[in-house]
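This is what each chain is made of:
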Amino acid sequence: MADRARAAAGVSAPGSGALAAHLERLIAIQGPLTVAQFMAEALLHPRHGTYMRANPIGLAGDFTTAPEISQMFGELIGLWCADCWQKLGAPGHVQLVELGPGRGTLMVDALRAAAMVPPFRAALRVHLVEVSPVMRALQRAALDGIANPPPVRWHDRLAELPDGPMLLIANEFFDALPIHQFLATPEGWRERMIAAADTGFRFVRAPGPTPAAALLRRGCPTDQPGAIAEVCPAGLAAARDIAARVLAGPGAALIIDFGGRDPRGDSWQAVRRHRRHDVLADPGNADLAAQVDFGALALAAAAAGAAVHGPIAQGVFLDALGIGMRAAALADRGDKARSKAVHLAHHRLTAPGEMGEHFKVLAITDPDMPACAGFDSP
Ligand code: SAH
């Protein structure tokens, strides 16, 4: 099947091993790769990358995300956007941007909820930032299926978005951006690289300083030899771009992801068929992700002049937006099995020890906008 036909059908190309062979060739030519190079190739290589070959999201894929767990997630985010739109002075046209929209589920649910505020729904122009043709085809199918679809445009990069008032959503987008890893050594931080061995890929240490080390935050001492620290230049650049856009737009952005405030520790992980997997085994056939350093994103956005709210726990955010009431209403409407499923989804999305705690929410807004919903509770 041609790549394009495969993409439209959302099915996998024969990828197994092809990406590993490509990475081995790269290493033979240029020497060991940074973790960021390895991750970028594994996820986004045009033919063999995990996101480019097939849809990895959902029960049949590698991992599940909050919008796939329950419609409540996207609906509440749609209402959060409607509230921000009002606080921005209800502009006649507003871009609703989503970074890495996956199967398009969050956007469909958000648009359905947005219909509760008809002038907001009418003002929306949807812009999706997505590199994968497989995922784009799924997003198009999801949006074609709704009543009265808004105008939709796709972009490869944030920089392609037009100027103007903007509401932006990024759920589990930043965790897919390539990270660099560093090891604490007596000589200072040294980058963790990936070499090829007969038995597969293995970690090696860069012999001297490498450029990405300049991005390590101050207060990140090398006092524990062997400790690991991470930086995500693509994430910092995106946070700065988003900040500039919410200032100029004006606008507001909501970033939701798994992570915390501390850049220390090895958070790089691979997930395949819903199970943890070795990060170096079988690249291109597993999802690779790293925890998002929300502290670094907040600093980058604030340095660009935007207002920053949070990060707060996803459970706290969704509770403040009224997920309890929405869950009760949905559970009342269904039979016993449906009601149980709604309660279970509510628990997974909000409970401590679940996504409610492990996932965080950060808002980046125009400083002239009144405080946004969800961030004002103690
Ligand atoms: N937000 C969705 C999907 C998360 S998976 C959800 O919550 O279900 C990450 C998504 O980002 C996928 O659609 C993937 O194809 C896309 N993606 C990953 N890296 C990207 C990049 N650098 N630029 C644009 N899209 C990217």
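See the structure above.
Here the residue index of a chain counts from 1 through its sequence in written order. Given that the model is predicted, a residue must reach a pLDDT of at least 70 before its local features are reported, and side-chain atom pairs must reach 80 or more before they are shown or counted; all residues, however, enter totals for whole chains, interfaces and linings. Just so you know, side-chain values use all the structure's heavy atoms and leave hydrogens and water out.

The next point concerns helix α6 (residues 71–87). A run of H or I in DSSP counts as a helix once it spans at least four residues, and a run of E counts as a strand once it spans at least two, with each numbered from the N terminus. Here the expected length of a helix is defined as 1.5 Å per residue gap, with one fewer gap than residues. Its 17 residues place the ends of α6 25 Å apart at the C-alpha level, agreeing with the 24 Å of an ideal helix rising 1.5 Å per residue. For every residue, the accessible area obtained with a 1.4 Å probe (protein chains only) is divided by the maximum for its type, and the residue is called buried under 20%, exposed over 50%, and partly exposed between those limits. Among the 17 residues in α6, 12 count as buried, and that is most of the element. Each polar contact in these results corresponds to two N or O atoms within 3.5 Å; when the atoms are within protein, one needs to be able to donate a hydrogen and the other to accept it, and residues that are neighboring in sequence are counted only if both atoms are side-chain atoms. If you check the start of α6, you find a side-chain oxygen 3.0 Å away from the backbone N of M72, and it comes from S70. Two residues or fewer past α6, G89 is found with a positive phi of approximately 95°.

Once that is clear, we can look at the packing of helix α10 (residues 233–248) against helix α11 (residues 294–303). Only the stretch in contact is used when a helix axis is fitted, and all axes are lines through C-alpha atoms; the angle between N-to-C directions ranges over 0 to 180 degrees. As a packed pair, α10 and α11 sit with axes 8 Å apart at the nearest point and diverge in direction by 40°. Classed by the angle they form, the pair α10 and α11 counts as oblique. Along this stretch, α10 crosses α11, giving a crossing that reads as right-handed. Mapping the contact onto sequence places G235, L236, A239, R240 and A243 in α10 and A296, L297, A300 and A301 in α11. Under the convention adopted here, Pro, Cys and the residues Ala, Val, Leu, Ile, Met, Phe, Trp and Tyr are nonpolar, Asp, Glu, Lys and Arg are charged, and Gly plus all remaining residues are polar. Taken together, the residues of the contact of α10 with α11 sort by class into 7 nonpolar, 1 polar and 1 charged. Roughly parallel means an angle under 35 degrees; roughly antiparallel, over 145; roughly perpendicular, 65 to 115; everything else is oblique. Should the near helix be turned counterclockwise from the far one by less than a right angle, the crossing is left-handed, whereas a clockwise turn marks it as right-handed. Every residue pair with non-hydrogen atoms within 4.5 Å of one another is taken to be in contact.

Further remarks concern the layout of surface pockets. Quantified by volume, the largest pocket comes out at close to 710 Å³. Along its surface, the largest pocket is lined by 34 residues, and G100, V129, V131, F173 and L177 are the ones closest to its centre. Elements supplying a minimum of two residues to the lining of the largest pocket: α3 (35–44), α5 (66–69), β2 (94–99), α7 (105–114) and α10. Taken together, the residues of the lining of the largest pocket sort by class into 21 nonpolar, 5 polar and 8 charged. For each structure, a 1 Å grid was placed over the protein atoms alone; sets of points admitting a 1.4 Å probe that cannot get out are labelled cavities, open sets with protein on both sides within 12 Å along at least five of seven lines are labelled pockets, and lining residues have an atom within 4 Å of a point. Grid points are joined across faces, edges and corners, and a volume is the space filled by probe spheres set on the points. The computed volume of the second largest pocket comes to approximately 560 Å³. Lining the second largest pocket are 20 residues, with F63, T64, Q269, V271 and F359 positioned closest to its centre. If you list the elements that add at least two residues to the lining of the second largest pocket, you get β11 (269–272), β12 (275–277), β13 (287–289) and α15 (355–358). Taken together, the residues of the lining of the second largest pocket sort by class into 7 nonpolar, 5 polar and 8 charged.

All right, on to the environment of A302 then. Tracing the backbone through its elements, the reader meets A302 in helix α11. Looking at A302, the relative accessible area reads 40%, which means it is partly exposed.

Note on definitions. A residue lies near a molecule or strand when any single heavy atom of the residue is within 4 Å of it. As a structural note, the neighbourhood of the ligand is formed by 18 residues, with T65, G100, G102, E130 and N171 the closest of them. Contact distances for the ligand include 3.2 Å between an oxygen atom and a backbone N or O atom of G102. Contact distances for the ligand include 2.6 Å between an oxygen atom and a side-chain N or O atom of E130. In isolation the ligand offers 570 Å² of accessible surface; the protein chains occlude 94% of this area. Placement in a cavity or pocket follows one criterion, namely that more than half of the molecule's atoms lie within 2 Å of its grid points. A majority-of-atoms criterion places the ligand in the largest pocket. When the residues that make up the shell around the ligand are grouped by side-chain class, the tally is 10 nonpolar, 5 polar and 3 charged. Each accessible area value is a Shrake-Rupley result obtained with a 1.4 Å probe; residue values ignore everything except the protein chains displayed when judging cover.

This part is about the packing of aromatic side chains. By convention, a stacked pair of Phe, Tyr or Trp rings (six-membered ring in the case of Trp) has centres within 6.5 Å and planes under 30 degrees apart, an edge-to-face pair has planes over 60 apart, and any other such pair is tilted. Within this structure, the stated rule accounts for 7 aromatic pairs. Judged by centre distance (6.3 Å) and plane angle (65°), the rings of F203 and W268 are edge-to-face. Of this pair, F203 sits in strand β8 (residues 200–205) while W268 is found in the loop between β10 (251–260) and β11, placing the two residues 65 residues apart along the sequence. Clustering of aromatic rings is evident, with ring pairs tying together F38, F201, F203 and W268. Seen from the ring of W154, R140 lies directly overhead, with NZ or CZ sitting 4.5 Å from the centre. In this scheme, the term charge over a ring applies when either NZ of a lysine or CZ of an arginine sits within 6 Å of the ring centre and within 35 degrees of the ring normal. The side chain of R192 reaches across the aromatic face of F203, ending 3.6 Å from its centre.

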